[in-house]
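Residues per chain are reported as follows:
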Amino acid sequence: RTSKKNKTSCCFELIMLIMLSKRYDIVQRLDQPHSISPPHLLANKADNYPKMKFIEAMNERVDSSFIGKFFQIKERGSSFSTELAGASATFLTMAYILAVNPRILADSGGPCVVDPDDPAGIFGESYGECLEKIKQQYVTATAIGSMVGCLLMGLVANLPIALAPGMGMNAYFTYSVVGFRGTGSVSYQAACTAVMIEGAIFFVLALTGLRYRIIRLIPEPVRIATPAGIGAFLAHLGLQTAEGIGAVVGDIATAVTLGGCPPEKQTKLVAWDDLCRLEGICVPSDNYTCDVEGGIMTSGRTWLGLLGMMIIAVALGYRSKLSFIYGIALVTIVSWFRNTAVTYFPDDDAGNARFDYFKKVVDITGLDMIITPFTSDLANAGVAIVTMLYVDFLDTSGTLLGIATSMGVVDDEGNFPKSTQAFSVDAIATMFGSIFGLSPITSYIESGAGVEAGAKTGLTAVICGFYFFIAIFFAPILASIPPWAIGGALIIVGALMARSLTKLNFNRISHAVSGFLTVIVMPLTYSIAYGLIAGIGTYFVMEGMFWILSFVGLEVPVDEEEASKLIIGKSFRKLTEAKPKDESIEPSDNDDVEESSAKVETEEATPASDKPEEVDEEEAGK
């Protein structure tokens, strides 16, 4: 080493090396100072050696067994311990679905019927008790559906991909198809039957290979924007009260506004119908405003939910596989303490009922209220079938191709081993889940966490199925997770799903507009279907107009360079690059500067001179 600083560092390392060697009686080579370990680390290595030997022996035993040969563990360069670690990582990153899905699906009302003697209708006490029961049953149903999907994916397709009811599809099922507490145009029974039909159609398309042709019929910008639109929808739910932190509430003038007020400051909104206007019987809804009583952003539950969201975000920044678990668990545990401002078990009838169920800890909840909810009356269910099929196609295709690509098993044509089996399993899982009233079950992108941990075979999916089996017995715990603990997770999931917009070509106006409408219409109309209709319709209308106008000589520029050749393109660039009089413009070699605004219509622009040219503000305005 030549520098004085490095010489000093080298001498210091040599001195420490000699001291450590004398103290711990270790003989080491002087050219490998960093190979010395403190005594407690050496002890740990000695203690762990039998354990490492046991793990290696276990891996060899499993690899050479029927299980290892069936899953091709050795052929794919994996081991049992690696598959176990991958399965644990996958399950922990998607375990939030056991709490989120039951709460969203319960908002559909399920088979609950309004008590005719209760003037509050769907907001009555008896209806609320029914919702609590089906939410508990949905915890068990979600665990069973996910377990079967994971087992089938591992045993049939031999891929390390876990399945569960899809986020976004559950919201579409609840708020767009059945409607909030059954207020939609499709009955709960018809919606479940539509899920079964959608799964059957998906299964046929998977076997015949028509899925590739159908996906290609959907405009590219809509395909790209759909995940972001669903993410915006989920984030919108996470910001509200029913499934979120309550930061966004209703408003009479602007529809939505900032909320976050405590329960005693909430003013319920009512429907101003004839019964309310003439007889004074007004039914309050779950929607409320904070404008009347005040107290905006003073609710402890809202701030606790925001804290959970930030914990998830920060943990994700450190690539933690337990990010969602950290945030949801912290907020949930704090909310379980009674007699606090943020408790999920307040001292009232509803809170006491929830607490009594929570105290059971372990319980197997029956499925009598939600099992086999099928009907032959499918009025108004056609759009739901098409929409669920489309979203299921995109979600499954994107997840399977993404995971398979990260595993390095995708060929040049986009195929991977047992792709037909993988798509078929997704369809079969959807049909199975519909028996328990679940929305479509799909492959989860969170499986990438297991792949990053080294998982390469279907044994990972089988182990995930075992984890979901264990969750069946802990329904009281999972059903007692409050909505403000879930809201932060929904917001973060929405943010992550927005990454798809990076692939959208904003330089092409038909792509930019159709993609944007796909994203913005979904949360504002509470409907994924309306967002898809807006995006697809806008794309075909714009491209059709461009095609018609091409016959009269108006060609559409495909990039920024061609746009600069048009007069309107030059004028726009001129406007955006204009500077005040006292500032100079430094044009690049490719820029064109016009001598006057009159020449825009009469003359072609001349190349800019070497001297900066001042632009009048009035001229720039033109």
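Computed from a predicted structure; not experimentally measured.

A.B. asks: I'd like a rundown of the packing of helix 8 (residues 188–208) against helix 16 (residues 419–434), residues and numbers included.
C.D. replies: Following both chains from N to C, one finds helix 8 and helix 16 inclined at 165°, their axes separated by 8 Å at the closest point. Considering their axes alone, helix 8 and helix 16 lie roughly antiparallel with respect to each other. Classified by chirality, the crossing of helix 16 by helix 8 is left-handed. On the side of helix 8, the interface is formed by Cys192, Val195, Met196, Glu198, Gly199, Ala200, Phe202, Phe203, Ala206 and Leu207, while helix 16 contributes Thr420, Phe423, Ser424, Asp426, Ala427, Ile428, Thr430, Met431 and Ser434. A per-class count over the contact of helix 8 with helix 16 returns 12 nonpolar, 5 polar and 2 charged.

A.B. asks: Quick one: what's the story with the side chain of Arg103, residue by residue and with numbers?
C.D. replies: Looking at the secondary structure, you find Arg103 in helix 5 (residues 97–106). Here the side chain of Arg103 touches Tyr344 through a polar contact of 3.1 Å, side chain to side chain.

A.B. asks: Give me the lowdown on unusual backbone geometry, citing residues and values where you can.
C.D. replies: With phi around 60°, Val361 is a residue other than glycine that occupies positive phi space. Of note, Lys418 is a non-glycine position whose phi angle comes to about 60°, a positive value. The topology assignment puts Lys418 in the loop between helix 15 (382–407) and helix 16.

A.B. asks: Can you break down the pairing of strand 3 (residues 255–258) residue by residue, with the values?
C.D. replies: Looking at chain direction, strand 2 (residues 248–251) and strand 3 are connected through 4 bridges and run antiparallel. The residue bridging Asp251 from the neighbouring strand is Ala255, located in strand 3. Turn length for the strand 2-strand 3 hairpin, with the two strands adjacent in sequence and antiparallel, is 3 residues.

A.B. asks: Quick rundown of a nonpolar patch on the surface? Include the residues and the values.
C.D. replies: Together, Val541, Met545, Trp547, Ile548, Leu549, Phe551, Val552 and Leu554 give the surface a local cluster of nonpolar side chains, amounting to about 870 Å² of exposed area. By relative accessible area, which is 51% here, Leu554 ends up exposed.

A.B. asks: Could you give an account of the packing of aromatic side chains, naming the residues involved and the relevant values?
C.D. replies: Under the counting rule described, the total for this entry stands at 18 aromatic pairs. Ring geometry for Phe466 versus Tyr467: centroids 6.5 Å apart, planes at 45°, classification tilted. Among the aromatic side chains, those forming a connected cluster through ring pairs are Trp336, Tyr344, Phe345, Phe355, Phe358 and Trp484. Just above the ring of Phe355 sits the side chain of Arg338; from NZ or CZ to the centre is 4.6 Å. The cationic tip of Arg354 hangs over the ring face of Tyr344; the distance from NZ or CZ to the ring centre is 4.4 Å.

A.B. asks: Please set out the confidence of the model for the protein residue by residue, giving values where relevant.
C.D. replies: Looking at the protein as a whole, the pLDDT averages 78, with 77% of positions reaching at least 70. Across residues 562–575 the pLDDT falls below 50, and counting only partners more than four positions away or on other chains, this stretch makes 18 contacts in the model. Here residues 581–613 is modelled with pLDDT under 50, and outside its nearest four sequence neighbours on either side it reaches 37 contacts, counting other chains as well.

A.B. asks: Mind laying out helix 8, listing which residues take part and the relevant values?
C.D. replies: The end-to-end C-alpha separation of helix 8 is 31 Å, in line with the 30 Å expected for 21 residues at 1.5 Å each. Every buried residue of helix 8 is accounted for by Tyr188, Ala190, Ala191, Cys192, Thr193, Ala194, Val195, Glu198, Gly199, Phe202, Leu205 and Ala206. Among the residues trailing helix 8, Gly209 stands out with phi positive, at a value near 85°.

A.B. asks: With reference to specific residues and values, describe the state of the cysteines.
C.D. replies: In the structure shown here, the tally under the stated rule is 2 disulfides. A sulfur-sulfur distance of 1.9 Å marks the disulfide that ties Cys112 to Cys130. Looking down the S-S bond of the Cys112 and Cys130 bridge, the torsion is -90°, so its handedness is left-handed. Placement of the pair is Cys112 in the loop between helix 5 and helix 6 (125–157) and Cys130 in helix 6, with a sequence separation of 18 residues. Disulfide pairing places Cys261 opposite Cys290 at an S-S distance of 2.0 Å.

A.B. asks: Tell me what's going on with the side chain of Arg354, and back it up with residues and numbers.
C.D. replies: When you line up the elements, Arg354 lands in helix 14 (residues 349–358). At a separation of 3.0 Å, a polar atom in the side chain of Arg354 contacts the main-chain carbonyl oxygen of Tyr344. Filtering out sequence-adjacent residues up to four positions away, Arg354 remains in contact with Glu132, Tyr344, Phe345, Pro346 and Ser480.

The rules behind each value
- Within any chain, residue numbers begin from 1 and follow the written order of that chain's sequence.
- Local features in this predicted model are restricted to residues of pLDDT 70 or higher, and side-chain atom pairs are both shown and tallied only at a pLDDT of 80 or more, whereas totals for entire chains, interfaces and linings draw on every residue.
- Each side-chain value is derived from all of the structure's non-hydrogen atoms; neither hydrogens nor water enter the calculation.
- All axes are obtained by fitting lines to C-alpha atoms, using only the stretch in contact for helices, and the reported angles, taken between N-to-C directions, cover 0 to 180 degrees.
- Segments assigned H or I by DSSP are reported as helices when at least four residues long, segments assigned E as strands when at least two residues long, and all are numbered from the N terminus.
- For classification purposes, an angle smaller than 35 degrees is called roughly parallel, one larger than 145 roughly antiparallel, one from 65 to 115 roughly perpendicular, and anything else oblique.
- It is the rotation of the near helix from the far one that decides the hand of a crossing: anticlockwise by less than a right angle makes it left-handed, clockwise makes it right-handed.
- Between two residues, a contact is recorded if the distance between any of their heavy atoms is within 4.5 Å.
- Under the scheme applied, nonpolar residues are Ala, Val, Leu, Ile, Met, Phe, Trp, Tyr, Cys and Pro; charged residues are Asp, Glu, Lys and Arg; polar residues are all the others, including Gly.
- Polar contacts, as used here, are pairs of N or O atoms within 3.5 Å; protein pairs need one atom able to donate a hydrogen and one able to accept it. Residues neighboring in sequence count only if both atoms are side-chain atoms.
- Only when DSSP finds a minimum of two bridges between them are two strands counted as paired.
- Patches in this entry comprise residues that are over 30% relatively accessible and not in a salt bridge; like charges within 9 Å are linked, as are nonpolar side chains (Val, Leu, Ile, Met, Phe, Trp, Tyr) within 5 Å.
- Values of accessible area rely on a 1.4 Å probe in the Shrake-Rupley scheme; residue burial ignores everything except the protein chains shown.
- For this analysis, a salt bridge means a side-chain nitrogen from Lys or Arg found within 4 Å of a carboxyl oxygen belonging to Asp or Glu.
- Think of it in three bands: residues with accessible area under 20% of the maximum for their type are buried, residues over 50% are exposed, and the middle band is partly exposed, with areas taken using a 1.4 Å probe on protein chains only.
- Any two of the Phe, Tyr and Trp rings considered here, Trp counted by its six-membered ring, make a pair once their centres fall within 6.5 Å; the pair's planes then place it as stacked at under 30 degrees, edge-to-face at over 60, or tilted in between.
- Whether a charge sits over a ring depends on NZ of Lys or CZ of Arg being within 6 Å of the ring centre and within 35 degrees of the ring normal.
- On a scale of 0 to 100, pLDDT captures the predictor's confidence in every residue.
- Any helix carries an expected span of 1.5 Å times its number of residues minus one.
- Our working definition of a disulfide is a cysteine sulfur pair at a distance within 2.5 Å.

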